[in-house]
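Coordinates in review
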Amino acid sequence: MALSLQLRDVQIERGGRSLFSPITATIGAGTLVYVRGANGAGKTSLLRALAGLAASSAGEIRWGVSGETASASVATSFVGHANAMNDALTVLENLSYAAALAGQAYQPVRIGHALDQLGVFKLALRRVGTLSQGQRKRAALARLLLRETPGSRAWLLDEPFVALDVDTQKLLEQLIANELRAGAIVLLSSHQSFSIASPQLTEIAL
Amino acid sequence: MALSLQLRDVQIERGGRSLFSPITATIGAGTLVYVRGANGAGKTSLLRALAGLAASSAGEIRWGVSGETASASVATSFVGHANAMNDALTVLENLSYAAALAGQAYQPVRIGHALDQLGVFKLALRRVGTLSQGQRKRAALARLLLRETPGSRAWLLDEPFVALDVDTQKLLEQLIANELRAGAIVLLSSHQSFSIASPQLTEIAL
Amino acid sequence: MARTEQQSNDRFQGRWFWRYASPAAFYPVAGRIEKIGWFLAITLAIIGLYIGFFRAPTDAQQGEVYRVIYIHVPAAWMAMIIYLAMAFWSATGLVLGTRLSFMMSHALAPTGAIMAVIALWTGALWGRPTWGTYWVWDARLTSTLILFFLYVGYMALAASFDDKKKGDRASALIALVGAVNVPIIYFSVNWWNTLHQGSSVRPGSSSMASIMLTAMLIMTFAFWAYCVAAAMHRLRTQIIERESGAQWVKELVK
Amino acid sequence: MIWESWSAFWAMGGRGFFVWGSYGALLIAILAELIVLRGARKKALESVDEFPR
Amino acid sequence: MSLRLAASAVFRREFQLFARRKSDWANPLMFFVIVCSLFPFAVGSETERLRGIGVGVIFVGALLAALLTLPRLFDEDARDGSLDLLLNSNEPLAMLVLARVAALSIGIGAPLILATPLFSLLYALPSDVALVLALAVALAVPTLLLVGAIAAALLVTARGGAILTAVLVLPLTIPTLIFGAGAASKVLYGESPFAELSLQAAYLLFALALSPLAASAALKISTD
Amino acid sequence: MSLRLAASAVFRREFQLFARRKSDWANPLMFFVIVCSLFPFAVGSETERLRGIGVGVIFVGALLAALLTLPRLFDEDARDGSLDLLLNSNEPLAMLVLARVAALSIGIGAPLILATPLFSLLYALPSDVALVLALAVALAVPTLLLVGAIAAALLVTARGGAILTAVLVLPLTIPTLIFGAGAASKVLYGESPFAELSLQAAYLLFALALSPLAASAALKISTD
Ligand code: HEM
Ligand SMILES: Nc1ncnc2c1ncn2[C@@H]1O[C@H](COP(=O)(O)OP(=O)(O)OP(=O)(O)O)[C@@H](O)[C@H]1O
Ligand SMILES: Nc1ncnc2c1ncn2[C@@H]1O[C@H](COP(=O)(O)OP(=O)(O)OP(=O)(O)O)[C@@H](O)[C@H]1O
Ligand SMILES: [Mg+2]
Ligand SMILES: [Mg+2]
C-alpha cells in the first residue's frame, strides 16, 4: 500500500500567466509536504491539480499506490475551503454520501467514530446549515478518516486549520501525525503555524 | 469622536437555546476586545449582533459616539467570514459601492490608498472572482480603511487573520494597533494567536 | 409603531385585555372556548342537517342537488372570513409584538385552507349537474381559487423558516400584503369576468325558500363554531410546543 | 318526512353522487383535520418531557 | 444628498453587473423567447388560433421571465455578505430597495419590452396591438418586481428559494395581468384600451408606494 | 458493485433532499398550478377557446416547471464543494449523472404527472385526453431533464460561451413538445395517439443513451 507522488515540471496557468516556476519533486510514503507561499502564490491551484480537480498546464503529476500508477481519485482525499456538505442535510447524511462516492459501503459506526475523533459526534444528526464555521470544518475533516486502512490515501489539505479552535488544531496535528506514521502522504498549505511530528518533511515553496 | 460601547445582560438564542450566559461590559475608546471561545460558542453571533446585523434575544447594546447614543450602522464597520464583495465586479467597484453605502462620496484615491496599505493595490481592477482567498480577504479588510478620520468607527472583526499570509497578518496587527491609538474600539475573534500593542485590552470569554 | 412584547407589556400593564395576551393565561380560556365550540358545532350541525334534508322541500329548478348548498356556502364564507381574521391577528402581532397573536393566525390558516378546498370541491360537484361542467371561470369561483393560493403561500412561508420568531413575522407580513390585495384581486377578477362574458352560467340569483335559508344559516353557525374549536385546539398545541420550557407547561403534562 | 324511502333519500333524485360526494368530502376533510390535530397535540406533549433546561 | 449618493451607487452597481454578466438580462430574454416560440408548436399554427392566444402568451411569458430574476435581487448578496452593507447603511432601506428594483426593471424590462412587438408578429397581431402590448408589459414588469421584492426579501434566508417566491407573488400579479392583457385585447377588437391601461398604471403606483416599505421591513425581519 | 453503491447513494441523497426541503418538489408543482391558472386571465374564459389551448398550456407549463429545477442539478453542489466529490469519484461520472437525473425526474415529475389530469378539468378537456396528456408529460419531463443536464453542466461555472451553448441545447426539447402535444390533440379529435407517443418514447431513449455522456463531458470541461 505504499503511496508515492512524482511531479515533473508541473506548471499552472491562471489568466494566461504561469503562477510559479516548474515544480519537480519525488515524494514517498510517510512524508509531510508543506506547500507555502504568499497570498495568491498558487497553493490552492496546485493542491486542486494534485487532487485531479483541475488540470495543470504543463508537466506531469503521477500518483503511485503500491508501485503502480493510480488516478488521483483513488490515491487522494481533498479538503479545501468549501466543505463539500449540503446545508439541508445532516452531517451523517453528508458523510455517508461522501463515503459511498469514495466506494465504501454504508457504515454508520465508522462515520460516528470519525466524527468522535474530531469531537463532533453529537452533531451527527444536526443539519449542516445550523452549524458554526468551526463545527462545519470539523465535520468536513472527518471525511478524511473514513478510509478503510489508515495511510491508504494521500491527504490534500488546503488550509485545514482555518476556523478550528486551538484544541481542535492540536487534535488535527495529532491526526495528521498518526496518518503519516501509517504511511500516508500529507500535503498541506497553511498560513497558521503548526507543529506536526513527522518522520520526513518536505517544503514546496511557491 | 470618542467611541464607547455598553453591554447590559446581552444574550443570544439559536435553535431555542441561549448560547452563553448574559454579558455585561463597558468598553471605552482605544480598547481592544478579544472575543474568545471554542467552536460554536457564539462569537460570530455576538459580533453580528453588535454590528446591528442580528437581534440579541435579551439585554441591551448601546453604542456611543462623542457621548451620544448612536446606531450600530454609524458606529461600526464589520468584516466577517463572507467578504461582502460580488465575484463579478472588480475590487474597486465593490469598494466604491461599500463606501457610498457608508455615506462617502466616490474617492478612488482613498480606495487606492486603502488597498495599498494591505498590499493589493495592483488587484484594484481585477474581478473578485479571480482572486485567491487571501487576496479577497485583504480587499475586504481594505473597507475598514475607507473611513474619513482614523478611529471614528469601531471595527468588528470576525476571524480577520484567516487566509492572510504571515506578512499580511503582521500588517493587520499593525493597522489595528494604529486604529486603537487613534481612539477606535476593536472587537475581534480569532483562533490564531496574534500580538497587538494595545493600551487597553479586555477579553470576553464565551 | 411596532413594539416588542416587552414594550407592549410596559405600556398595557394591568389593562384587562392584556392579561390574556400571555399564552399561559389564555391557555385555559382557549380550552373553554374550544369545548363550547365543539358542542355548538355538533348540535347546530344536527339541527341544520335535519331541517335541510328532512324539512326543506325539493328545489323547483335544481331538484335535490341544491342540498349541497348547506355546506357549500358556509365553507365559502368561512374561507373568506378566516383569511380576514388571520390578517387581523397578523397585524396585531406585528404592531404589539405579542406571541399569542402570531400563534392565533398560524392556528387559523390550515382550517381556512380546508374551508377553501371544501368550497371548491363542493362547488365543482354542484357545477357538474347544474352547469354540465366541473369548472367554469366564474369570478366567484376563481377568487376562491386564488384565496386558496394565498393560504398555501402563507403556510409554505411560515414552514420555510427554522427560526420560529422570524417565521412568525415573515408570514404575518405576507398575510397583510395578501389582505391588502384581496379586494383589488376580487374587483379585477369580477371585472375580467364581465369583460369576457365567458360563462353564461354563474352561481347566485335564484330565490330561496325561507326554510332552506334557515337551514343554511344554522349550518353557517355550525361551521363557524367548528372553525373556532379547531383553531383553539391548534392554538393550544402551539402554546405547548413553544412554551415547553416553562414550568406551567411541565406541570400541565404531569 | 319528505322522502318516500331511505333508498330515495340516498338516491337524491338521481344526484346522489354529487350530493354525497360533497358531504363525503367534507366528512373526510374534517376527520383528517381532527386526526392531524390530535397527532400534533400528542407530539407536542411528548416533546415537553424531553425538553432540557 | 448622501441618500442620493447611496441610491445612485445601488443603481449603478446593478448596471455594472448587467455589463459584466450579460446572462443577467440575456437569460430572462431567452426564457421569454423560448416560451413564446414553444407555444405555436404545442397549440398548432393556424393564424386565427395564434391571434387568439398571442396576447395571453406574450404577456404571461414576460411576467414569468421577470419573475425568474427575483432571486437576483437579494440572494446573491446574502450569500457573499454584501447584503450586510445594504442593511448597515445609514440611509432609508426602502429607498435603496427601490433604487435596486428600478435598476432591475430597466435592465431586464427593456429587452422584454423591445422583444414584445417582435413576437407579436409571430402571433400575427396587428401593429397597434403590438404597441399597446409593449406598453402593458412595460407597466407590468415593474409592478411584478415591486411586489416580488417583498417575497424575495422574506425568503432571502429561508429555504424554498425561487419557486416559493413565484407562489407568493403570482396571485398578487393577477390584477396587472388582467388589465394588461385586457388592454391589448381591447385594441384587437378595435376598442380603446385607455381604461385598462389606467387601471394598470394605478396598480403600479399603488405597488410603488407600498412595496418598498414592505420589502425593507421584510428584509429586516428575515436577516434579523 | 461499487458503482451500484455510488449510484444509489446519489439517488438516495436526492430523495433525502426532497424529504428535507419539501419546496424542492412542491414548488415546481405550485408553479405549474399557478401558470395553468393564470392563462385564462390572459386569454379569456370561453370554454371553446380554453379547450383549444388547454393541451398546450398544460404541456408547456409542465416543461417550464421542469426547466426551472435544472439549476438544482449541479449549481448548489458547485457552490458548497460537493461537486468535487462527484468529480473525484472513481465510478463513471455519466452513470452518476444519470442516477441524479433519474431521481430528479421522479421527484419533480411525479407531482406534475399527477396534477395534469386535474388541470385538464380546468380547461374542460375530456378524460381520455387528460390521460394521454399525463402520459405525454411523463415522457417529456425526463427527456427535458436529460437534455437540460447538458446545459446545466455547461453553465455550472458559467465561463464564456456556456450561455450560448445552453441556448443551443434547449431547442432540442422541441421534438418531445411537438410529439407530446400532438398526441393529446389527436385524442381530442378522436384519433389514435400511438404514433406520436412512440416517437416521443424513441426520443427519450435517444436522450437516455447520449445525454449522460455529454453531460459528464460538459461537467469536466466546465469545472476543469
Ligand atoms: C367566494 C366563494 C363562494 C361563495 C360566497 C359562494 C356562494 C354561493 C351561493 C350563495 C350559492 C347559492 C346561489 C343560489 O342558488 O342562490 C352558490 C351556488 C353555487 N356555487 Fe358557489 N360560492 C362560492 C364559491 C364557489 C365555487 C369555488 C364553486 C365551484 C367550484 C361554486 C359553485 C357553485 C355552484 C355550482 C352553485 C349552484 C349554481 C346555481 O345555483 O346556479 N361556488 N354559491
Ligand atoms: N438553527 C440553529 N439551531 C441550533 N443551533 C444553531 C442554529 N444556528 C446556529 N446554531 C448554533 O449556534 C452556535 C453559535 O454559532 P456561532 O457561529 O456564533 O459560533 P462561533 O463561536 O462563531 O463558532 P466558530 O468558532 O466555529 O466560528 C453554534 O453552536 C451553532 O451550532
Ligand atoms: N481568472 C484569473 N485571471 C487572473 N488571475 C487569476 C485567475 N484566477 C486565479 N488567478 C490568480 O491565480 C493565483 C493563484 O490563486 P490560488 O488560489 O491558487 O492562490 P493561493 O496560493 O491559494 O493563495 P491564498 O493564500 O490567498 O489562498 C492568484 O494570484 C489569483 O489572483
Ligand atoms: Mg488558497
Ligand atoms: Mg464563527
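Small disclaimer: the values here were computed from a predicted structure and weren't measured. Just so you know, the residues in each chain are numbered from 1, in the order the chain's sequence is written. Think of it this way: whatever chain is written first is A, whatever ligand is written first is 1, and the rest follow in order. The predicted nature of this model means local features are confined to residues of pLDDT at least 70 and side-chain atom pairs, given and counted, to a pLDDT of 80 or more, with totals for whole chains, interfaces and linings taken over all residues. Remark: hydrogens and water are excluded; side-chain values derive from all non-hydrogen atoms of the structure.

What about empty space enclosed by the protein?
- Buriedness for pockets is judged along seven lines, at least five of which must meet protein on both sides within 12 Å for an open set on the 1 Å grid over protein atoms alone, while cavities are sets there where a 1.4 Å probe fits but cannot get out, and lining residues have an atom within 4 Å of a point. Grid points are joined across faces, edges and corners, and a volume is the space filled by probe spheres set on the points. Evaluation of the coordinates by the stated rule reveals nine cavities of 30 Å³ or more.
- Taken as a whole, the largest cavity spans an internal volume of roughly 90 Å³.
- Gly is placed with the polar residues, together with every amino acid not listed as nonpolar (Ala, Val, Leu, Ile, Met, Phe, Trp, Tyr, Cys and Pro) or charged (Asp, Glu, Lys and Arg). Looking at the lining of the largest cavity residue by residue, the class counts come to 10 nonpolar, two polar and no charged.

Thoughts on helix H4 (residues 108–117) of chain B
- Burial classes follow relative accessibility: with a 1.4 Å probe on protein chains only, a residue under 20% of its type's maximum area counts as buried, one over 50% as exposed, and anything between as partly exposed. Numbering of helices and strands runs from the N terminus; a helix is a DSSP stretch of H or I covering at least four residues, while a strand is a stretch of E covering at least two. Within the sequence span of H4 of chain B, burial applies to Ile111, Gly112, Ala114 and Leu115 of chain B. Along H4 of chain B, the residues classed as buried sweep out an arc of 160° about the axis, all on the same side. As used here, the arc is the angular range of directions from the helix axis to the C-beta atoms.

Some details on the site of ligand 3
- Nearness is judged by heavy atoms alone; a residue qualifies as near a molecule or strand once a single heavy atom is within 4 Å of it. Taken together, 19 residues lie around ligand 3, and Lys43, Thr44 and Ser45 of chain A together with Arg126 and Ser132 of chain B are the ones closest in.
- At the site occupied by ligand 3, nearby residues are drawn from chains A and B.
- Between Gly40 of chain A and ligand 3, the recorded distance is 2.9 Å, taken from a backbone N or O atom to an oxygen atom.
- Here an oxygen atom of ligand 3 and a side-chain polar atom of Ser45 of chain A are 2.5 Å apart.
- Broken down by secondary-structure element, the contributors of at least two residues to the shell around ligand 3 are helix H1 (43–50) of chain A together with helix H5 (133–142) of chain B.
- Its residues assigned to classes, the shell around ligand 3 comprises three nonpolar, 12 polar and four charged. Think of a polar contact as two N or O atoms within 3.5 Å of one another; within protein, one of them needs to be a possible hydrogen donor and the other a possible acceptor, and neighboring residues in sequence only count if both atoms come from side chains.

Here's the deal with the side chain of Glu159 of chain A
- One can find Glu159 of chain A in the loop between strand E9 (154–158) and helix H6 (166–181).
- Although Glu159 of chain A is buried, it makes no salt bridge; Lys43 of chain A carries the closest opposite charge, 5.4 Å away.
- The criterion used for residue contact is that any of the two residues' heavy atoms lie within 4.5 Å. In this structure Glu159 of chain A touches His81, Lys137, Ser189 and His191 of chain A together with Ala163 of chain B, once residues within four positions along its chain are discounted. A residue counts as positive if it is Lys or Arg and as negative if it is Asp or Glu; His and the chain ends are not included. When a carboxyl oxygen of Asp or Glu lies within 4 Å of a side-chain nitrogen of Lys or Arg, that pair is called a salt bridge.

What about the nonpolar core?
- Take the buried Ala, Val, Leu, Ile, Met, Phe, Trp, Tyr and Cys residues and link them wherever side-chain atoms come within 4.5 Å; each set so joined is a nonpolar core. By size, the foremost hydrophobic cluster in this structure holds 312 residues, and its most contacted members are Trp63 and Leu187 of chain A, Trp63 and Leu187 of chain B, Tyr70 of chain C, Phe39 of chain E together with Tyr123 of chain F.
- The element best represented in this core is helix H7 (residues 127–154) of chain E, accounting for 18 residues.
- Those residues in contact with Phe39 of chain E, other than ones at most four positions away along the chain, are Gly44, Ile53, Val57 and Tyr123 of chain E together with Phe39, Gly56, Val57 and Val60 of chain F.
- Grouped together as the second largest cluster of nonpolar side chains are 37 residues, Leu141, Leu157, Phe161 and Leu164 of chain A included.

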